[in-house]
Amino acid sequence: MSWIVWLKKFQMSPIVTIPKVIEVLPTPIITKPEEPKITSIPESANLAARLLQADQDVKDVDVILTKHIVCNGKKVPIVWDKVVLWTDKGGLGYDKNCYDERTFRQPTMFVAHWDVCLSTSSMVKVTKERGLSVHFGIDNDGTIYQMLDTKNIAWHAKGANTVSVGVEICNGVALKYNDYYVKKGFGLRAIIQTEKVHGKEIGPYLDYYPAQIEAFKALTRALNLAHAIPLEAPMKNGLLLKEVSPEVVKNTFKGVVGHYNITASKIDPGCLPLDVIV
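Keep in mind the model is a prediction, meaning the values are calculated, not measured.

**Side note on the sheet that holds strand β10 (residues 164–169)**
- Ordered in space as β4-β8-β7-β10-β6-β17, the six strands form an open sheet in which the pairing is mixed. Each edge of the open sheet carries a strand with a single partner, namely β4 (83–85) and β17 (255–258). Each strand of the sheet is rotated relative to its neighbour by a mean of 20°, with strand direction disregarded.
- Strand direction decides the pairing type here: strand β7 (residues 136–138) and strand β8 (residues 144–146), joined by three bridges, are antiparallel. Pairing of F136 across the sheet is with Q146, part of β8.

**Description of the side chain of N72**
- With respect to the helices and strands, the residue N72 is situated in the loop between β2 (68–71) and β3 (74–77).
- At a separation of 2.9 Å, a polar atom in the side chain of N72 contacts the main-chain carbonyl oxygen of R105.
- If near-sequence neighbours (up to four positions away) are discounted, N72 is found in contact with F104, R105, Q106, D149, T150, K151 and H227.

**Quick notes on the environment of V83**
- Mapping V83 onto the fold places it in strand β4.
- Looking at V83, the relative accessible area reads 0%, which means it is buried.
- In sequence terms V83 and G142 are 59 residues apart; their C-alpha atoms lie 9.0 Å from each other.

**Notes on helix α3 (residues 120–129)**
- Counting buried positions along α3 yields seven of 10 residues, so the element is predominantly enclosed.
- Among the residues making up α3, those that are buried are T120, S121, S122, M123, V124, V126 and T127.
- Directly beyond the C-terminal end of α3, a positive phi value near 70° is found at G131.

**Notes on the pairing of strand β6 (residues 109–114)**
- Across the six residues that make up β6, a large majority, six, are buried.
- Here β6 shows no split at all, with M109, V111 and H113 on one side and F110, A112 and W114 on the other all buried.
- One ladder, built from six bridges, connects β6 with β10; its direction is parallel. Its bridge partner being in β10, M109 is matched across the sheet by S164.
- Note that β6 and β17 share four bridges and pair parallel. Directly across from A112, in β17, lies its bridge partner G258.

**A closer look at the pattern of salt bridges**
- For the structure on display, the rule yields six salt bridges.
- Between E195 and K242 there is a salt bridge, with the nearest N and O atoms lying 2.0 Å from each other. With E195 in strand β12 (residues 195–197) and K242 in the loop between β16 (239–240) and α6 (246–249), this pair connects stretches of sequence that are 47 residues apart. Summarising the burial analysis for this pair, E195 and K242 share the class buried.

**As for the nonpolar core**
- If you look at the biggest cluster of nonpolar residues, it comprises 39 residues, and the most contacted ones within it are I69 and F216.
- Within the residue set of this core, elements represented by two or more residues are β2, β4, β6, β7, β10, α5 (210–227) and α7 (274–277).
- With seven residues, α5 is the single largest residue contributor to this core.
- Not counting residues within four places of it along the chain, the set of residues in contact with I69 comprises K74, K75, V76, I78, V83, L85, F136, Q146, L219, A222 and L223.
- Counting residues in hydrophobic clusters, the runner-up holds 14 residues, among them C117, V134, Y145 and M147.

Definitions and cut-offs
- Residues numbered from 1 in each chain as written.
- Predicted model: local features only at pLDDT ≥ 70, side-chain atom pairs only at ≥ 80, totals over all residues.
- Heavy atoms only, no water.
- Pairing = 2+ DSSP bridges.
- Helix = DSSP H or I, 4+ residues; strand = E, 2+ residues; numbered from the N terminus.
- Axes fitted to C-alpha atoms, helices over the stretch in contact; angles between N-to-C directions.
- Polar contact = N/O pair within 3.5 Å; in protein donor to acceptor, adjacent residues only side chain to side chain.
- Contact = heavy atoms within 4.5 Å.
- Buried < 20%, exposed > 50% of the residue type's maximum accessible area, 1.4 Å probe, protein only.
- Salt bridge = Lys/Arg side-chain N within 4 Å of Asp/Glu carboxyl O.
- Core = buried A, V, L, I, M, F, W, Y, C linked by side-chain atoms within 4.5 Å.

This is the structure:
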């Protein structure tokens, strides 16, 4: 059933039962998680300590869950039961000096990032400190946090901010954080042993939780409904393009992209299967 037909039924009926669709996504080469000793992704001890401290600084709060996101001031339905807006109790948001406020906007790209943080709350804290921002965050348990109305320009992907919506998917990336995830009750993340981005091998690093991938999928479809962002990803020879795309850099590509499609200095969102999700 198309989104347009579904939306018409949503508007005509006070109660809508939305079937849950489960898709099996192909994944890169992975192995069962085991205690890591080394990682090829360097990270300073100071940064590691800062990430842990940022997460500890965030207090546990009750949250109110909604089933819509906000685009150009309007509620847009989303097929996901864990959504927290910046206006909700327990919501997360940005100061006005971290983004450009607008009254209306029609973005044409959805940019995926990994946040290299241990929670969405700590990601927001870190980006605030750096004077940056992003519209959405997907936490470890799949909860979608919306920090900004998509009408506003967030500062998350230099060169593409004016035409895009951004999401940071929570992932500490470094293997040593698996102990933290177990301690917090999220369970072990799978380990991606090898992945090629910009023509170079990266890894090993931590994979996303299945709930995060499903949440990203739901958010992608909601943004397609709100802004008509095409459900397409940059491809080359039938494969997902994991390098800089000239069309993306020129802001002529319309669809779902990774940060690696915008700049050669970025490797995120790594193994996220954008081509399968869209």
